[in-house]
Amino acid sequence: MSNRKDPAWKYGVEVEMDGHKGYKYLQCKFCDKILKGGVYRMKEHLAGIHGNAAPCGKVTPEVRDEIKTYLEKIESAKKRTQLTREEMIDKCVTLNSQKGSSSGSVTQRGIRGPMDRFLEKDSMDVVEGSKQELDKDARENTCMDIARFFYENGLAFNVANSPSFTNMLRSVGNYGRGLKGPTAHELSTTLLMAEEANTQSIVAEVKKTWIQTGVSIMSDGWKDMRGRQLLNFLVNNPYGTVFLKSVDASDVVKDATLLFELLDSVVEEVGEDLVIQVVTDNASNYKKAGEMLMKKRTRLWWTPCAAHCIDLILEKIGSLPQHENALRKAKKVSNFIYNHGWVLALMRKHTKKELVRAAPTRFATAYLTLDRMLSLKQPLEQMFTSKEWDDCSWAKKADGREIKKIILRDGSFWSSMYYALKTTRPLVNVLRMTDSEKLPGMGFIYGSMDKAKEEIAENLGNEEGAYKEIWKIIDDKWEFQLHRHLHAAAYYLNPRFQYSDNFSTHREIKIGLMVCMEKLIPNEEDRLQANIQLQLFQNKKGLFAYGRQQTVIDKLSPSDWWTTYGDDAPELMGFAVKVLSLTCSSSACERNWSTFNLVCVYLEF
């Protein structure tokens, strides 16, 4: 207690109450009364204030006066702070009005803040001048106040792209003058709880759709600011991704048996009858845990994250000599430019763009950066032949001369970069597809991987000797790590592939379809009906005939297409919707680690 400065601590003792966690309980030393809610209620109790606590009947007059005086000082300080804040707001309003006075601006009658300028102006509020100029000036002043709020509080500028930021501005403008903003206490208590309730109601609506589509449980590990190994668990279907929980798995994540027990408990929590697949990365411990899970839960699948697998493919391809040469030199160029402010400014002046392009994974970022660098070859050459470069100090240093040589005279750098992009761009496109939240990826991954291999072969002149090594790397990961029967079944059921001219009839696709039907349609009679209904789908009969046009197929997601045209095949439709509603990646677990940090902070709070 020695570090607690509030005088009320001298007259109360903190006690623990069984079954009442989350509150501080203090016992008065004068009357032994136990108070819930912290030291502030103890002050009310001792001071004899009729607020949230009954007055103490045994406190001495000296102590009562001491606590009363302390409370009065706190109240005075709050008033002074509020007055200072209002004075600052008034000064900002005055400053903005003075700035716009030359063109005529909104009068100051009744204005308490800059948002008043978003309101419609009546004849009493508008002085002479052009309405267009007034609107422009009012917006500039208002945006300046908003910008100042960002700057003073260190907010990321992309916060302005948030839909909730737009909604906030709209609500403030609709409210009008005299709005009293929320206090820090309201933000951390009543408003936070209200938003939690609102979020829970949104989640409840999403959960109602789980029985129709089934769900994927996605999991991925990360390390928080305190060094803990945490696992995020999210539940996904086409109607949205729901954050389930974050678990401290520091003593679990490396042990396959303990990891299996954790995954199994999550399946139990969501409901085994709803879970179709569990998606994790393909590390050996997760793979073993996934196999154990499928043995116990025979109606679900464990599948490795497609984005993670494709990133491993790109990493392996990146170790080939020509790829390694392009990546190593491109990294050297970008590091030099971005590590020196003046050089970076010169590059931006000549290229009007950035060299580095962010992507879902590390190696995708590397190859997209190669793509950007190749597209900026001419501006980069102009930069290193400009007088500004020749006159700068970096041009005379060894590393500056080396970078200039790479850009201007290293023909192998640009040729190896061109080759690297021809052999990886199709894979990067597949990776971007798996990372997209617009469409569930399960119905596309099988066909997209086949198409990517064909594009790579075509880019290399369809000469087997040129693409054989690349194909082997892809097949090693795809066939032995990523490919599952679910991928083949989803390919077969996707009308975009089934009704295309180059639909594959490979035996493994039908095997995947049959295995999935046996697993996901447990009732034998329903499974028999679904098999019969396959003929309607394949031959475009019944309602399927109306949905065979490519324009219709392209406009609807595969699962929505089945919901629209599958009524003649109800058993098959239910199966198809569940398979085609699945994701093939756990990328949603990695969207924003700072967001998950914030969730953990709120949960602990």
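Per an unreviewed UniProt entry, the protein is named BED-type domain-containing protein, and its organism is Dipteronia dyeriana. Note on the protein: under the UniProt heading Subcellular location (unreviewed entry), the record states "Nucleus".

*Asks:* Hey, could you go over helix H19 (residues 464–482) for me, with residue numbers and the actual values?
*Replies:* Of all bends in H19, the biggest is about 25°, found at Ile470. Among the residues of H19, Tyr467, Ile470, Ile473, Ile474, Trp478 and Leu482 are the ones counted as buried. For H19, the secondary structure elements touched by its buried residues are strand S8 (301–304), helix H10 (306–317), helix H11 (321–338), helix H17 (411–435), helix H18 (442–459) and helix H20 (485–493).

*Asks:* Which residues make up the packing of aromatic side chains, and what values go with them?
*Replies:* Applying the stated rule across the entire model yields 24 aromatic pairs. Taking 6.1 Å as the distance between ring centres and 80° as the angle between the ring planes, the aromatic pair formed by Tyr151 and Phe157 counts as edge-to-face. Their ring planes at 65° and their centres at 5.7 Å tell us that Phe537 and Phe544 sit as a pair that is edge-to-face. Following the ring pairs from residue to residue traces out a cluster consisting of Phe444, Tyr446, Trp478, Tyr491, Tyr492, Phe497 and Phe503. A cation over a ring is seen here: Lys540 above Tyr499, with NZ or CZ 5.0 Å from the ring centre.

*Asks:* Lay out the nonpolar core with the relevant residues and their values.
*Replies:* Ranked by size, the top nonpolar core spans 102 residues in total, and within it Leu493, Trp562 and Phe575 carry the most contacts. Not counting residues within four places of it along the chain, the set of residues in contact with Trp562 comprises Leu493, Pro495, Phe537, Phe544, Leu572, Met573, Ala576, Val577 and Leu580. Residues Phe233, Val252, Phe260 and Leu274 belong to the second largest nonpolar core, which totals 26 residues.

*Asks:* I'd like to hear about the sheet that holds strand S7 (residues 275–280), residue by residue, with values.
*Replies:* Reading across the sheet, the five strands line up as S6-S5-S4-S7-S8 and stay open at both edges, with mixed pairing between neighbours. Because the sheet does not close on itself, it has two edges, and the strands there are strand S6 (240–248) and S8. Sheet twist, expressed as the average angle between the axes of neighbouring strands with direction ignored, equals 25°. As judged from the eight bridges shared by strand S5 (residues 229–237) and S6, these two strands associate in the antiparallel manner. From the neighbouring strand, Asn232 faces S6, where its bridge partner is Ser246.

*Asks:* Any details on the sheet that holds strand S2 (residues 25–28)? Residues and values, ideally.
*Replies:* Overall, antiparallel pairing links the three strands, which are arranged S1-S2-S3 in an open sheet. Sheet topology places strand S1 (12–15) and strand S3 (34–36) at the edges, where each strand pairs with a single neighbour. Taking the axes of each pair of neighbouring strands and ignoring which way they run, one obtains an average angle of 35° across the sheet. Where S2 lies against S3, three bridges are found, and the strand directions are antiparallel. Bridge pairing in S3 places Tyr25 opposite Lys36. Strand contacts of helix H1 (residues 39–47): S1, S2 and S3, with the helix running at about 25° to S2, the strand carrying the most contacts.

Cut-offs used in this document
Residues numbered from 1 in each chain as written. Predicted model: local features only at pLDDT ≥ 70, side-chain atom pairs only at ≥ 80, totals over all residues. Heavy atoms only, no water. UniProt positions renumbered as here; feature names shortened; annotations may be inferred. Bend = angle between axes of the 7 residues up to and from the residue. Helix = DSSP H or I, 4+ residues; strand = E, 2+ residues; numbered from the N terminus. Buried < 20%, exposed > 50% of the residue type's maximum accessible area, 1.4 Å probe, protein only. Contact = heavy atoms within 4.5 Å. Phe/Tyr/Trp six-rings, centres within 6.5 Å; stacked < 30°, edge-to-face > 60°. Lys NZ or Arg CZ within 6 Å of the ring centre and 35° of its normal. Core = buried A, V, L, I, M, F, W, Y, C linked by side-chain atoms within 4.5 Å. Pairing = 2+ DSSP bridges. Axes fitted to C-alpha atoms, helices over the stretch in contact; angles between N-to-C directions.

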